[in-house]
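Structural description and commentary
The chain contents come next:
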Amino acid sequence: MVMRNEFSHVIKLSEIGSHSRNIQLVADDAARRGLMARFDLAALDSLKAEITLTHDAEGVVATGRFTAELAQFCIASHDPVPATMDEAIHIRFIPEPVVSGEVELELEADDCDTMFHDGQTIDLGEAVAQSLGLALNPYPRSPEAEKMLKAAGVKSEEDVVPPGPLAGLKDLLAKK
């Protein structure tokens, strides 16, 4: 596993205590530049998080929100596509399993995201960074994208008919 540290904010488990702990994180210029490079962003003007840490029977749970002002590169034109994010965070930090062979974790659909800790610390900043990465639009499109994609011969979702027994219905509907 590659450890990142663009937005590192390490917290000792012993500092969380038995009560909840509220933490505010704000990415500085260097952290934002690092995250821009990591996630191939055109801009990252702000990244802030408000997190509450609590212990539960299995580990530490981080709940809260992060907000970000950013721009991604359009998949067609490479123009910046601005975006504003306001996303919930719900992450459980559990001890890294120490076993030989494969490790299998069974999580229910309602379970929060899970990250491992080393038994001494968690990196809350890395958790926020990974949450940002997961929330990014995988196919950002500028206003010019559709025109450029069509000119390049890329079909729109409306033009694509799934194969199968109903595929011929598109031609029948077009004849009416």
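One can find the structure itself at the top, above this paragraph.
Residues numbered from 1 in each chain as written. Predicted model: local features only at pLDDT ≥ 70, side-chain atom pairs only at ≥ 80, totals over all residues. Heavy atoms only, no water.

So, the sheet that holds strand E6 (residues 113-117)
Going by this rule: Each pair of strands is called paired provided DSSP finds at least two bridges between the two strands. Working definition: helices are DSSP H or I runs of at least four residues, strands are E runs of at least two. Numbering for both runs from the N terminus. Note on method: axes are straight lines fitted to C-alpha atoms, helices fitted across the in-contact stretch only, with angles between N-to-C directions ranging 0 to 180 degrees. Working rule for contacts: check all heavy atoms of both residues, and any pair within 4.5 Å makes them a contact.
Pairing is mixed in the open sheet, where five strands are placed in the order E2-E3-E4-E5-E6. Of all strands in the sheet, those bounded by a partner on one side alone are strand E2 (21-26) and E6. Ignoring which end each strand starts from, the neighbouring axes of this sheet average 25° apart. By the bridge criterion, 13 bridges tie strand E3 (residues 41-55) to strand E4 (residues 60-73) in an arrangement that is antiparallel. In the sheet register, threonine 54 faces E4, and the bridge partner there is valine 61. Where helix H2 (residues 124-135) meets the sheet, it contacts E2, E3, E4, strand E5 (80-95) and E6, and its direction lies at approximately 130° from that of E5.

A short note on helix H1 (residues 29-39)
Selection rule: Three labels apply to residues, based on accessible area from a 1.4 Å probe with only protein chains included: buried if under 20% of the type maximum, exposed if over 50%, partly exposed otherwise in between. In this description, one arc is meant: the one made by directions from the helix axis to the C-beta atoms.
For H1, the full list of buried residues reads Ala31, Arg32, Gly34 and Leu35. The arc that holds the buried residues of H1, viewed along the axis, is 160°, so those residues lie on one side. What points out from H1, more than 90 degrees from its buried face, is the exposed set Arg33 and Ala37. Of the surrounding elements, those touching the buried residues of H1 are E3 and H2.

The quantities given are spatial measurements derived from coordinates; they are silent on function.
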